[in-house]
Amino acid sequence: MEKLIKILIGFALLYGAYALFLKKWDYTSQAKRDEQKQQLKEKGLSACYFFIPPQRLLVLNVLSGGLFFFYWSFKQWQAVLSGYKNLAGTKLKMGPFGRAFWGILSFYQLTAIVNRTCAYMHKPQGLSHLFWGTALWAGLTVACLPWVPWWGRILGAFFFLYPPYALQQHINNLPKEIPPSKFRWIELLPMACGWVFWGTLLFLLLKF
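Residues numbered from 1 in each chain as written. Predicted model: local features only at pLDDT ≥ 70, side-chain atom pairs only at ≥ 80, totals over all residues. Heavy atoms only, no water.

Visitor: Describe the packing of helix 3 (residues 54-63) against helix 8 (residues 150-172), and please don't skip the residues or the numbers.
Guide: Packed helices, taken two at a time, are described by the angle between their axes plus the distance between the axes. The geometry of helix 3 relative to helix 8 is characterised by a closest axis approach of 9 Å and an angle of 160° between their N-to-C directions. It follows from the interaxial angle that helix 3 and helix 8 lie roughly antiparallel. When you trace helix 3 past helix 8, the crossing you get is right-handed. For the pair formed by helix 3 and helix 8, the contact residues are Pro 54, Gln 55, Leu 57, Leu 58, Asn 61 and Val 62 on the first element and Leu 161, Pro 164, Tyr 165, Gln 168, Gln 169 and Asn 172 on the second. Partitioning the contact of helix 3 with helix 8 into residue classes produces seven nonpolar, five polar and no charged. (Axes fitted to C-alpha atoms, helices over the stretch in contact; angles between N-to-C directions. Helix = DSSP H or I, 4+ residues; strand = E, 2+ residues; numbered from the N terminus. Parallel < 35°, antiparallel > 145°, perpendicular 65-115°, else oblique. Left-handed = near helix turned anticlockwise from the far one by under 90°. Contact = heavy atoms within 4.5 Å. Nonpolar A, V, L, I, M, F, W, Y, C, P; charged D, E, K, R; others polar.)

Visitor: Please give an account of the environment of Ser 106 that cites residues and values.
Guide: Turning to its location among the elements, Ser 106 is positioned in helix 6 (residues 103-120). Classification of Ser 106 by relative accessible area gives buried; the value is 9%. C-alpha of Ser 106 to C-alpha of Ser 73: the two residues are 33 residues apart in sequence and 8.7 Å apart in space. With sequence-adjacent residues up to four places away left out, Ser 106 is seen in contact with Ser 73, Trp 77 and Arg 99. (Buried < 20%, exposed > 50% of the residue type's maximum accessible area, 1.4 Å probe, protein only.)

Visitor: I'd like a description of the packing of aromatic side chains, backed by residues and values.
Guide: Per the stated rule, a full pass over the model turns up 14 aromatic pairs. Arranged with centres 5.5 Å apart and planes meeting at 25°, the rings of Phe 158 and Tyr 162 form a pair that is stacked. Of the two residues, Phe 158 and Tyr 162 are both situated in helix 8; the distance of four residues between them amounts to about one turn of the helix. Among the aromatic residues, those joined into a ring-pair cluster are Phe 131, Trp 132, Phe 158, Phe 159, Tyr 162 and Tyr 165. (Phe/Tyr/Trp six-rings, centres within 6.5 Å; stacked < 30°, edge-to-face > 60°.)

Visitor: So, the environment of Ala 143: which residues are in play, and what are the values?
Guide: Secondary-structure assignment places Ala 143 in helix 7 (residues 129-144). For Ala 143, a relative accessible area of 24% puts it in the partly exposed group.

Visitor: Requested: an account of helix 4 (residues 68-83), with residues and values cited.
Guide: Helix length check: helix 4 (16 residues) gives 23 Å between terminal C-alpha atoms against 22 Å at 1.5 Å per residue, within 8%. Among all positions in helix 4, only Phe 68, Phe 69, Tyr 71, Trp 72, Ser 73, Gln 76, Trp 77, Ala 79, Val 80 and Gly 83 are buried. (Expected span 1.5 Å × (residues − 1).)

Visitor: Describe the packing of helix 2 (residues 30-43) against helix 6, naming the residues involved and giving the relevant values.
Guide: In the contact formed by helix 2 and helix 6, the axes pass within 10 Å of each other and the chain directions differ by 150°. The orientation of helix 2 with respect to helix 6, classified from their angle, is roughly antiparallel. Crossing hand, helix 2 versus helix 6: left-handed. Of the residues in helix 6, those in contact with Lys 37, Leu 40, Lys 41 and Lys 43 of helix 2 are Arg 116, Ala 119 and Tyr 120. A class-by-class count of the residues in the contact of helix 2 with helix 6 yields three nonpolar, no polar and four charged.

Visitor: Requested: an account of the side chain of Ser 64, with residues and values cited.
Guide: Of note, Ser 64 is situated in the loop between helix 3 and helix 4. Residue class for Ser 64 comes out buried when judged on its relative accessible area of 1%. In terms of polar contacts, Ser 64 uses its side chain to reach the backbone carbonyl oxygen of Leu 60, at 2.8 Å. Setting aside chain neighbours within four positions, we find Ser 64 in contact with Pro 190, Met 191, Gly 194 and Trp 198. (Polar contact = N/O pair within 3.5 Å; in protein donor to acceptor, adjacent residues only side chain to side chain.)

Put into structure tokens, the structure is as follows:
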């Protein structure tokens, strides 16, 4: 009886995993798969992305006080725009510099494009772009509010720093083999800018 119960529990867990992860893509119907691919291509996909080790991205983002995010956003959009296609043949408005400048808002669309590309290539998708995009700007807002307790600002910083790290993990999972990503000295520039920016801001706050 105990073995039967364990077997039933095992089947229940397998079905639960199927319902949560695999059932999103209907493998029994070629017509359904073609329809879903068509919908993804209509919304737009990209064949190019910027590859960087997620751990390096996270460390540089932390050391730069979050300013590395805007450099990463520029490089990511530079690649995405060069490989972006949809069935209508329309191009995305605004170039990589403008999208990096408004990186907090353009992160919504970037995450959506990555998720669609993952779905098209049968790769694991991240959470909704609405969740990650909101977590990004809300985390930054909380981290910058001076009246929020220190632990609340640390939590806010986490929600700002983690979404790019999570998204880069999915991007790096797209190709069979990740292209080599050597460290570039220019990647230290956002860190230096971050130190100057936050150091100046702290000096002004203490002085006045």
